[in-house]
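Each chain is listed here by its residues.
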Amino acid sequence: MSKRVLQFLFLFLGLVFTSNAQERKIEGVVMDASANTLPGATVMIEGTTIGAVTSFDGTFHIDAPANAEKIIVRLIGYKSLTVDVGTQSKFEFVLEEDVEQLEEVVVTALGIEKDKKSLGYSVSEVKGDDLKGSDNNVLNNLNGKVAGVMVNTSSGAPGASSRITIRGNSSLTGNNQPLFIIDGVPVDNSYNSGNTSSGGTDFGSPINDINPDDIESMSVLKGPNAAALYGSRAQNGAIVITTKSGKGSEGLGVSLSNTTTFQKPLLLPNYQNEYGQGLNGQFSFEDGANGGTYDGVDESWGPKLDAGLMIPQFFSNGEAVPWVSNPNNVEDFFETGHVSTTNLSIQNATDLSHVRFSMMYSDQKGMVPNTGLENYSASLNFGHKIHENLQFDSKVTYSRRSSDNLPSQGYGENNVMQQFVWFGRQVDTNMLKDYKNPDGTPYNWNYNYHDNPYWILHENTNSQLRDRINGYASLKWNITDYLNFKVKGGTDLYNENRLSKSAMYSINDPDGGFTESNYFVNETNFDFLFSFSKDFGTDWNVNANFGGNNMYKVYSSNSMTAFGLASPGVYTPANATGQVESTTYFEEQIINSLYGTASVGYKDFLFADISVRNDWSSTLPKANNSFLYPSVNLSYVFSEHMELPNWISNGKLRGGWAEVGNGATPYSTSNVYVSGLPYNGYPMFKYETTQANPDLKPETTQSWEVGLDMGFFNNRLGFEAAYYEKSTYDQIVPADVSAASGYRYSYINAGQIDNRGVELMVFASPVQTKDVTWDVSFNFSKNKNEVVSLAEGVDSFVLGEYWGLTTEARPGEELGTFYGYAYQRDDQGNVMVDENGYAMKTDEKVKLGSINPDWRGGIRNSVTYKNFTLSALIDISVGGDIFSVTNMFGEYAGVLDVTAMNREAGRVTPGVSPDGSTNDKVVPTQDYYQSLYGIHEEYIYDATYIKLAELSIAYNIPSTFTKKYGIKGMSVAFVGNNLFMIHKNAPNIDPQAAFGAGLDGQGFEFGQLPSPQSFGFNIKMNF
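Residues numbered from 1 in each chain as written. Predicted model: local features only at pLDDT ≥ 70, side-chain atom pairs only at ≥ 80, totals over all residues. Heavy atoms only, no water.

**Some thoughts on the overall build of the chain**
Quick note on the threshold: What counts as a helix is a DSSP run of H or I of at least four residues, what counts as a strand is a run of E of at least two, and both are numbered from the N terminus. Within these notes, the globule rule equals 2.2 Å times the number of residues to the 0.38 power, and the radius of gyration is based on C-alpha atoms. Any residue under 20% of the maximum accessible area for its type is buried, any over 50% is exposed, and the rest in between are partly exposed; the area is computed with a 1.4 Å probe on protein chains only. By the convention used here, residues are in contact when the closest approach between their heavy atoms is within 4.5 Å. Working definition of accessibility: Shrake-Rupley area with a 1.4 Å probe, residue cover restricted to the visible protein chains. In this tally, Lys and Arg are treated as positive and Asp and Glu as negative; His is ignored, and so are the chain termini. By convention, the point assigned to a charge is CZ for Arg, NZ for Lys, CD for Glu and CG for Asp.
A tally of regular secondary structure across the chain gives 9 helices and 54 strands. At 31 Å, the chain has a C-alpha radius of gyration in line with the 31 Å of a compact globule built from 1023 residues. The dimensions of the chain, computed from C-alpha atoms along their principal axes, are 95 × 70 × 70 Å. Relative to its 1023 residues, the chain shows a buried fraction of 55%. Within the chain, contacts between residues separated by at least 24 positions form 68% of all contacts whose residues are at least 6 apart in sequence. Approximately 42,000 Å² of the chain is accessible, and the part contributed by carbon and sulfur atoms is 54%. On the chain, the mean spot of the 71 positive side-chain charges and the mean spot of the 114 negative ones are 8 Å from each other.

**Here's the deal with the nonpolar core**
Convention followed: Side-chain atoms within 4.5 Å are what join buried Ala, Val, Leu, Ile, Met, Phe, Trp, Tyr and Cys residues into a set we call a nonpolar core.
Among the nonpolar cores identified, the biggest contains 83 residues, and L172, F333, L815, F818 and F883 are the most heavily contacted of them. Once you skip the residues sitting within four places of it in the chain, F883 turns out to touch Y802, W803, L805, F818, M888, H936, Y939, I940, G1003, F1004 and E1005.

**So, a positive patch on the surface**
As a reminder, the rule being used: Nonpolar side chains (Val, Leu, Ile, Met, Phe, Trp, Tyr) within 5 Å and like charges within 9 Å form the patches, drawn only from residues with over 30% relative accessible area and no salt bridge. By convention in these notes, a salt bridge is any Lys or Arg side-chain nitrogen within 4 Å of a carboxyl oxygen on Asp or Glu.
A cluster of like positive charges, contributed by R756, K782, K784 and K847, occupies part of the molecular surface. By secondary structure assignment, the location of K784 is in strand β40 (residues 772-789). Looking at K784, the relative accessible area reads 42%, which means it is partly exposed.

**Describing the pattern of salt bridges**
Overall, the coordinates contain 30 salt bridges when judged by the stated rule. In this structure, the salt-bridge partner of K697 is D730, at a minimum N-O distance of 3.7 Å. Of the two residues, K697 sits in the loop between β34 (690-691) and β35 (699-712) while D730 sits in the loop between β36 (717-729) and β37 (732-736), which places them 33 residues apart along the sequence. Classification of K697 by relative accessible area gives partly exposed; the value is 37%. Where D875 meets R856, a salt bridge forms, and the shortest distance between an N and an O atom there is 3.3 Å.

**Observations regarding the side chain of S408**
What counts is decided by this rule: Identification of polar contacts relies on pairs of N or O atoms within 3.5 Å, with a donor-acceptor requirement for protein atoms, meaning one able to donate a hydrogen and the other able to accept it, and with residues adjacent in sequence counted only if both atoms are side-chain atoms.
Tracing the sequence through the fold places S408 in the loop between β23 (390-403) and α5 (416-421). We classify S408 as buried; its relative accessible area is 10%. Here the side chain of S408 touches N462 through a polar contact of 3.1 Å, side chain to side chain. Look past the residues within four positions of S408 in its chain and what remains in contact with it is G200, T201, N414, N415 and N462.

**Section: the pairing of strand β5 (residues 70-74)**
To keep things clear, this is the line we draw: DSSP-based pairing: two strands are paired if at least 2 bridges between them are found.
With 4 bridges connecting them, strand β2 (residues 42-45) and β5 associate as antiparallel partners. Paired with V43 across the two strands is V73, which belongs to β5. Across 4 bridges, β5 lies against strand β6 (residues 81-84) in antiparallel orientation. If you follow I71 over to β6, its bridge partner there is V83.

**Structural notes on the confidence of the model for the chain**
Basically, it comes down to this: The predictor attaches a confidence to each residue, called pLDDT, with possible values from 0 through 100.
Looking at the chain as a whole, the pLDDT averages 87, with 94% of positions reaching at least 70. The low-confidence segment residues 1-22, where pLDDT is below 50, has 69 contacts with residues more than four positions distant or belonging to other chains.

**Some words on the sheet that holds strand β1 (residues 24-32)**
Across a sheet, strands are paired by hydrogen bonds formed along the backbone, either parallel or antiparallel in direction. Put simply, the test is: Lines fitted to the C-alpha atoms define the axes, with helices restricted to the stretch that makes contact. Angles between their N-to-C directions range from 0 to 180 degrees.
The 3 strands lie next to each other as β4-β1-β7, forming an open sheet whose pairing is mixed. The two strands at the open ends of the sheet, each matched to only one other strand, are β4 (59-64) and β7 (90-95). Adjacent strand axes in the sheet meet at a mean angle of 30° when their direction is disregarded. Sheet analysis places β1 next to β4, joined by 6 bridges and oriented antiparallel. Its bridge partner lying in β4, E27 is registered against H61.

**Some points on the environment of L309**
Relative to the helices and strands, L309 resides in the loop between β17 (253-265) and β18 (310-312). L309 gets classed as partly exposed once you look at its relative accessible area, which sits at 34%. The contact partners of L309, leaving out residues within four places of it in the chain, are P303, K304, V321, P322 and W323.

**Looking at the sheet that holds strand β42 (residues 805-809)**
Pairing in this open sheet of 4 strands is antiparallel, and the strands run β41-β42-β43-β44 from one edge to the other. This sheet does not close on itself; its edge strands, each paired only once, are β41 (797-802) and β44 (846-850). When the angles between neighbouring strand axes are averaged without regard to direction, this sheet yields 35°. Note that strand β43 (residues 817-820) and β44 share 4 bridges and pair antiparallel.

**Re the pairing of strand β46 (residues 868-878)**
As defined by bridge partners, strand β45 (residues 855-865) adjoins β46 across 11 bridges and the pair is classed as antiparallel. From the neighbouring strand, Y865 faces β46, where its bridge partner is F868. Hairpin connection, β45 to β46: the antiparallel pair is bridged by 2 residues, and K866 has positive phi, about 50°. Strand direction decides the pairing type here: β46 and strand β51 (residues 945-957), joined by 10 bridges, are antiparallel. Its bridge partner lying in β51, L873 is registered against E950.

**Some details on unusual backbone geometry**
Backbone geometry places N714, a non-glycine residue, at a positive phi of 55°. Within the secondary structure layout, N714 lies in the loop between β35 and β36. Residue N714 is classed as exposed on the basis of its relative accessible area of 70%. Although it is not a glycine, N715 adopts a positive phi angle of roughly 65°. Within the fold, N715 resides in the loop between β35 and β36.

**Notes on helix α7 (residues 885-892)**
For α7, the buried fraction is high: 7 of the 8 residues fall into the buried class. Of the residues making up α7, those classed as buried are V885, T886, N887, M888, F889, G890 and E891. Those residues of α7 that are buried lie in contact with α5, β41, β47 (881-884), α8 (925-931), β50 (940-942) and β53 (1004-1005). Immediately beyond the C-terminal end of α7, within one or two residues, lies G894, with a positive phi of roughly 75°.

Shown next, in the form of structure tokens:
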């Protein structure tokens, strides 16, 4: 990170100090050796908390006590300066660069800080301020900022889950997401949201319980080479989060901030407004359940709108009323959502102790009526030097996530977006707000397929309550000046309750019912670590670590489903009229580990890093439960070794190799009983459908990478480039077995998946003047995925399926290749049309594309002019495909705009007839679009998009104004997220859509709640 960026961050944090005594005025300027003024420098009266931070022109003003003796000047990247005050009132301070400080330090595995130049593998660090967004979603705010990292958002629902992968997917059935570490403690991010393609509710990614304002930095350890020390759980890399601790603060500091943003749908489908509900151009409402003329259908192939027709409708009590369009009926259904987040932090530090306390409250109102989410968080970080050589550190965080209603999603009856795909385009949604009749039954536009959307959102609700505690305590003993010993214990624990209601009189569940589920997750880790660091002569430096870890994890769930309610609105088992089903599940897992690492540096230009870890896993059989993970990395900083032209600031070659693994899930090695439905009142138990395998081995991943890092023109231009390959074999997969065995599948080790790719980060500072700075960066990543082999005799492994289309793993192809039905074509590629004028589809499924993008990138710009800063991020994804059921059924139902164009004239299918002639048969428009159902090729689109993902315009209010009110520093900013699509190829949908965070839901789209376009303001004050 450049000095300028560090200076700006230091200033932005508002370390502005005011004076209580105003007996003497001191002013001046801080410069470097080239007489360039330095903003962000701290100027303090020694022995007090009185001081100031230099403004953007390097000047400062202090109201100092009359007895002030010395001034201390500090700035990151420069040596501190102490001068006598004497009788002077004006000063010019010249700071000398500190070469050692300018060497960037990053947090690596096990929380070990290392000089970035010594690393032989790829690590990207993102500062905490860059992870703050409008919705407190840490993963979403990482998107587009790190090469090789891909984030998919599931929807625009409050607190929706996100899926993150680093350098592609490696496992057929296992978790492809990285391991998350907060302050050295692994935290759970297991996906259990319940959001599937067929329905359900997205209850969010657990990692988003963290308060973004508490994050100091996030290190992305890309793949096995960087994360091998974390063993089997870091097969897919690791994300190491370091939180703010209060260390280094100058006396007592209080920070208060609020971010408030407003949300509207980024995009909605393009609906037609020329034809209303019905079929074959006819419609008349009687009872909404086929009693009238097509009044039970939920399609819009009815009479022409705004043509002077008078037709009975759902609100007219049988009277014929004007048949008119409601062009904004879907847009009007959505409300302006908002997210308001307030953070308070108090911190202090002395020579012996440091402490930081923070609180966060976030209130989110969804864009969909009667949905929302509240988040609470409180964190205490405390450290104390017990003895000169003994340091105690601790942290505890409590968070609560609470919602009375989260919207349903997927192709289920309670997803309101599904209703808008099957809809009467004449329906005025405002008339549906009074959704309940006096007798408690629903008032609706359709009584055959869909409940009133307001009934769904107020009566068929999905609530959530998650309480979470995580933290650690550690002791560090400095045995000598080069050897220390550290012990640490940490835990991550949460309880979660979910209640999904189905009200009586609902169309698809007239008797009503409910499902209540409780989840408990707890992981504890105990670690010890010996660390050695010593210089040998002037040429050699050795850093070595040896440690061990014990991990114990428990997961349990209890779920109860009641069918039928005696009285409406009472959701207890005692009110159930039908059977009450309950299920319980429990699993535990233990991993014991020993690990070691040694880093050797020679003359500060050549570095070698060797690590090894051995895990013993309880989920694997005794004969195979021990596995060793080695890694070797080299770094050659040739700019420190040889004479180079002056315009080359630095240069480094690096490379490494590693092997890691991924253990089996619990109960994969021994068969267990599961409960079934009672028989004649007697409980029944049975084996699961997948046979366990007592001879399983862990999945194994081998990886190597090489890289080149360069800086030019005093690091005002540079790049970091990498090429990697990784291969994952011995995949743990459920293979098909004969049903005669009593099982449907059996766990085996089989299959290999390879990933290889390139990553590039280019950064530049084109402008650096007294008043203006401009920093720009561009990241690019391209990953090529290939399924090398599967189990013997297995040609395909299905990852996910939706409406007959599958994503599969087949040898020689990408993981996540689409297979479905396509158009029949002749030898020239023309679509074949049958004798009736309709397109013909293939008899067998064929390859239709892939869920994997060709490449991804991001462009970040930051321009500072005096006290103003403009920053923007453009997120880019090129290639890959997505299957859109919104388009498929939106055309089938006649609600999308393309279905209205010359509707009454009919359609001619482009293609050739069986005799080879050009097809010229005209078919009814309704029949044309409905004949396309099942031809998956028609609805697979290029998922390319370019969007303005972030925009911020900030202003730092001068201290000459704020100090009058006792405020040390203050900034205000306009902030925006997901502001608009610059370009996309898929019509009517956001191509980032997916179902949850599982691999099986990627590449499929239907009725996801639209992603939010957010804009608002941020204000921050330091006291």
